[in-house]
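Residues per chain, in single letters:
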Amino acid sequence: QALHRFGQKLVRRHLLEEVFEFNIGIKLSTLDLVSLGVGRTVGVGVYFLANEVASNQAGPSIVICFLVAGLTSMLAGLCYAEFSARVPHPGSAYLYSFVTIGELWAFITGWNLILSFVAEAFIVVRAWTLGFEILFANRISETLQESISQYVPQVFADNVGYFFVGFLFFFMEVQYVEWRGFFRIFEVFTLVKLLVLIFFIISGFIKGDLHNWKLTEEDYVQAGLNGTSRLGPLGSGGFMPFGFQGLLRGSASCFYTFIGFSVIVTRVKESHNPQRSIPMGIVVSLLICFLVYFGVSAALTLMVPYYQLRPGSTLPEIFLHIGWVPAYYVVVIVILCNVFVYASWSFTYPIRVVIYMMAEDRLLFPVLTRIHTDTNARIVFTVIFVTIAAITVLFFGLTDQLDLRSVGTLISYSLVAFCVLIVRYQPERRNRGNEAQVQEENGPAAEKLTLQALFFPDSPTPPGSPTPTPLSGRVVYVCSSLLALLLTLLCLVLAHWPGLLSGDPGPITVVVLLLVLITGITGVIWRQPQSSTPLPFKVPALPLLPLLSIFVNVYLMMQMTAGTWLRFGVWMLIGFAIYFSYGIQHS
């Protein structure tokens, strides 16, 4: 009985009547939501990440990396879109998990969101510092280093610019005042950002050379290159110089650039017609972002041979390569303005919101609710956060922070897809009273689970309109959990078993067995009755699309480095210590 009660605590679900609500006080049209999604998605990553991926991970095939990352985000976006129609409350993956699959998974999702937002804030600090560096040709860091290096340790002298920008962001946070007109300023800067990137794309097609996509070994010899990258040899030329493994690693890195569209689902109360405008805003904004990234990466690799891209360089430096110096400075200034506007929208705000929601639910300590409601507590939180950010950037590079941000988000996206798979096959659940809960607990006792019932479930309703039962809902829950485990094992085998591509019968046999099991369990889920609740938008091709989303997310996570997983593991251990020592007893 104690074990049963413990298990029930882990899967107890949130009632929508008790959900935290927040409102920015303005009404948003579908166009506003698209602008919001594009503005938050096309962020600092496109300026600083493209060169890194093209130079030592993917080469010209970076365009395919963005395609893979975009399709991955689109699958997640479809799942978010259904939930925004099904749960018309402002929230995130944390809320969706809590109302669908229970408390433990909600805590994992919320804790990962905090990690993602913290990493994002660190990335913004580093990005603005890099923007100043390239604007003044590194004279800032050189001058500061020469003047203070004799008084402080070398590691602090080398990174003093990050402390400067960190404290600048601190003062922005303290003086942050939310006003309605800022959203219109945000839209204007989003338009300017898109125009600058379109100019970059047009420049690439004017100054580009298709030969840069068909490089040969003679080109490397003539350039005097015999170095190596961390993925292996520099490459033998062609469109994919680093091979399929480089393409996958590049896709995992490029995924970061599509993070941000989920901000749209936090604006349910501000939208005129949330059931329609939220799904449309997500899909259209992701499509625009993909087209922009595809064009930018194509222009980049056409203008400059990928081996001439210096790791750590930025997108505007391409204009120096082709001799367009004025364009270089214009793009740098636009970068700084966009990062400033991005950060001015309180770059610790999403962190505070998630912490507040979890503290309100007593999954975290209730005193943490004050960081969102009390001005003095918010200032103290900002001081602590900026201090941690300034120290953290000393020890982790930009790529490390990008990977950490991507891992946390990929896990959240996977859980949202899992939630869609679960909730579509569950019986109708009411918020008021305990009637549905009693039905779920007592219903399966009246039904008998047989092998025939798995593939041909009986339904008490007339033929042609089957509805989920408590038993069928639990069957889907168990089968979905097994599928998540099997898909993870399949990704591990595909990503890390070296004998697979060489035709070794061992890994091939394992893959075939896993595929047979996955196909059979997917067939069981497919045969179960779905909810007939009408919604403005539903994920098509259930259960295949959510399962495909989970598979792609997990496979991209397998491309992350061991260091990223070590940092992520430490973060999760801290979270589980908090949850099992406090949250599970007080929520």
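Everything below is about the structure shown above.
Residues numbered from 1 in each chain as written. Predicted model: local features only at pLDDT ≥ 70, side-chain atom pairs only at ≥ 80, totals over all residues. Heavy atoms only, no water.

A few words now on the overall build of the protein. The secondary structure content of the protein amounts to 25 helices and 2 strands. A buried classification covers 56% of the 587 residues belonging to the protein. Within the protein, residue pairs in contact and separated by at least 24 positions form 83% of the contacts whose partners lie at least 6 positions apart. In the structure as shown, the protein presents an accessible area of about 25,300 Å², 67% of it carried by carbon and sulfur atoms. (Helix = DSSP H or I, 4+ residues; strand = E, 2+ residues; numbered from the N terminus. Buried < 20%, exposed > 50% of the residue type's maximum accessible area, 1.4 Å probe, protein only. Contact = heavy atoms within 4.5 Å. Areas by Shrake-Rupley, 256 points an atom, 1.4 Å probe, with all protein chains shown as cover.)

At their nearest, the axes of helix α1 (residues 2-11) and helix α25 (residues 562-586) sit 11 Å apart, and the two run at 90° to each other. In terms of axis orientation, α1 runs roughly perpendicular to α25. Packed against α1, whose contacting residues are Phe 6, Lys 9 and Leu 10, the element α25 presents Tyr 579, Phe 580 and Ile 584 at the interface. A breakdown of the residues in the contact of α1 with α25 according to their chemical character gives 5 nonpolar, no polar and 1 charged. (Axes fitted to C-alpha atoms, helices over the stretch in contact; angles between N-to-C directions. Parallel < 35°, antiparallel > 145°, perpendicular 65-115°, else oblique. Nonpolar A, V, L, I, M, F, W, Y, C, P; charged D, E, K, R; others polar.)

Residues Tyr 80, Ile 114, Phe 200, Ile 282 and Leu 364 are the most contacted members of the largest nonpolar core, which totals 158 residues. Here the element with the most residues in this core is helix α19 (residues 398-423); it accounts for 16 residues. When near neighbours in sequence (up to four residues on either side) are disregarded, Leu 364 contacts Phe 107, Trp 111, Ile 114, Ile 355, Met 358, Ala 359, Ile 578 and Tyr 582. (Core = buried A, V, L, I, M, F, W, Y, C linked by side-chain atoms within 4.5 Å.)

Before going further, it helps to spend a moment on a nonpolar patch on the surface. Side chains of Leu 191, Leu 195, Ile 198, Ile 202 and Ile 206 sit close together on the surface and give an oily, nonpolar patch of about 490 Å² of accessible area. Among the secondary structure elements, Ile 202 is positioned in helix α10 (residues 181-207). (Patch = residues over 30% accessible without salt bridge, like charges linked within 9 Å, V, L, I, M, F, W, Y side chains within 5 Å. Salt bridge = Lys/Arg side-chain N within 4 Å of Asp/Glu carboxyl O.)

Moving on to helix α5 (residues 93-100). Buried residues dominate α5, accounting for 8 of its 8 residues. Just downstream of α5, Gly 102 is the residue with a positive phi angle, here 110°.

Honestly, that's just the spatial picture; any functional story needs more than this.
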